2 protein chains.
Amino acid sequence: MIDKKGILFILSGPSGVGKGTVRKSLFEKDTDLKYSISMTTRPPREGEVDGVDYFFKTKEDFEQMIADKGMIEYAQYVGNYYGTPKAYVEEQLEAGNDVFLEIEVQGALQVKENFPEGVFVFLIPPSLEDLKNRIINRGTETEDLVHSRLQAAKEEIEMMDYYDYVVVNDQVDRAVQTVQSIVKSEHCKRERVAFEYKKALERDEK
Amino acid sequence: MIDKKGILFILSGPSGVGKGTVRKSLFEKDTDLKYSISMTTRPPREGEVDGVDYFFKTKEDFEQMIADKGMIEYAQYVGNYYGTPKAYVEEQLEAGNDVFLEIEVQGALQVKENFPEGVFVFLIPPSLEDLKNRIINRGTETEDLVHSRLQAAKEEIEMMDYYDYVVVNDQVDRAVQTVQSIVKSEHCKRERVAFEYKKALERDEK
């Protein structure tokens, strides 16, 4: 028996890029990934189920979790907390299961500090590519506008630098397939495979 | 227009593992990969076509290619030369096409020296895994035999260290799918994507 830890995958990207849609579509397919459900203090919306869409908690409970260092990452949006409880992620990884987080860019940076070995996937809109091509190939915009667009594009690119992969969300199905490919190929990374072999062989020598 | 170089993929592994079968099956599917045909001085076997299976050359021509530094890698087996001509690989990479080599382990190490940025995939037989489990879980073998098997397994593992990915060839279709996943995910590596974006943006600023 080889005791093999799972891999933590983090899907993030600029807001509005369609992270949630890609994640939902990925989990509709056959997958061994374990989805880590976020925790929030905002009230459930119609149809949302506690423990499925979110873990719905009071502000007091959430702040207690933070104080107890029970959150991998958290942030406040419009007066409510959102975050990822640590226990589920660690339990699943220890049990050898891959865990999948779909979170905002700020949260992803916090995860990176605690789980630098995680696999970070940055989802970008095809419009960034379009923008890039437009900026480069067309000379019709004023110089100021080109410059400010370039700046915006560059800020996106700066965020990329924290990630391992960049996936263009031009079509949901295509983006999902690419994420699946990343999961599959990460399992074949030599560091992981060789480590398991070596550990197994060393154990025998003792 | 972004000028984007192709990626060099190298499939290798212990002899007899089924590299050729995996490569053939991969190229029977729809792929954008360009297969780099090997060059040899051994005579064609029945049914083999020059420029399809191999480039068949005289010993003198092959040695001239070596002298002209026209080979990425080469080796001698049973009195014949086998190797990979440089020109095709470099032309295709420059044109933005991915190139695929299927070569012996010795050749792969030569390629690694000249193309460290290549993506190196090590194909292993499932029997190595079996062996490993057998070595560990069963105590029926003599200590000497366990030790010599461990040594053999370790020599395989040492070769792995030069590779980026390790793929178990338990089923050809499965191995092919894994190689396809590696090709796809390598194209999403942040270093590559970010580099292209940054290059495109810098070009515009000039």
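Residues numbered from 1 in each chain as written. Chains lettered and ligands numbered in written order. Predicted model: local features only at pLDDT ≥ 70, side-chain atom pairs only at ≥ 80, totals over all residues. Heavy atoms only, no water.

**Digging into the overall build of chain A**
- Along its length, chain A carries eight helices and nine strands.
- Here chain A, with 206 residues, has 44% of them falling under the buried criterion.
- Roughly 10900 Å² of accessible area belongs to chain A as shown, and the carbon and sulfur atoms make up 47% of that amount. (Helix = DSSP H or I, 4+ residues; strand = E, 2+ residues; numbered from the N terminus. Buried < 20%, exposed > 50% of the residue type's maximum accessible area, 1.4 Å probe, protein only. Areas by Shrake-Rupley, 256 points an atom, 1.4 Å probe, with all protein chains shown as cover.)

**What to know about the sheet that holds strand β3 (residues 39–40) of chain B**
Residue and element names in this part refer to chain B.
- A sheet is described by the order of its strands in space; here four strands give the open sequence β4-β3-β6-β5, paired in mixed fashion. Strand pairing shows two members of the sheet lacking a second neighbour, β4 (55–56) and β5 (71–77), which therefore form its edges.
- In the sheet, β3 pairs with strand β6 (residues 80–85) via two bridges, with the strands oriented antiparallel. Looking at β6, one finds that methionine 39 is bridged to glycine 83.
- Across the face of the sheet, helix α2 (residues 59–67) comes into contact with β3, β5 and β6 while running at roughly 45° to β6.
- Against the sheet, helix α3 (residues 86–94) makes contact with β5 and β6, and its axis sits at roughly 20° relative to β6, the strand it touches most. (Pairing = 2+ DSSP bridges. Contact = heavy atoms within 4.5 Å. Axes fitted to C-alpha atoms, helices over the stretch in contact; angles between N-to-C directions.)

**Quick notes on the pattern of salt bridges**
Residue and element names in this part refer to chain A.
- For the structure shown, the criterion picks out 14 salt bridges over all chains.
- Taking the shortest distance from any N to any O, the salt bridge between aspartate 170 and arginine 174 comes out at 3.1 Å.
- Residue class for arginine 174 comes out partly exposed when judged on its relative accessible area of 43%.
- We note a salt bridge from glutamate 186 to arginine 192, for which the minimum N-O separation is 2.7 Å.
- On the basis of relative accessible area, glutamate 186 is assigned to the buried category, the value being 3%.
- For arginine 192, a relative accessible area of 25% gives the class partly exposed.
- Among the charged side chains, a network of salt bridges with common partners joins Glu186, Lys189 and Arg192. (Salt bridge = Lys/Arg side-chain N within 4 Å of Asp/Glu carboxyl O.)

These values are about where atoms sit, not about what they do.
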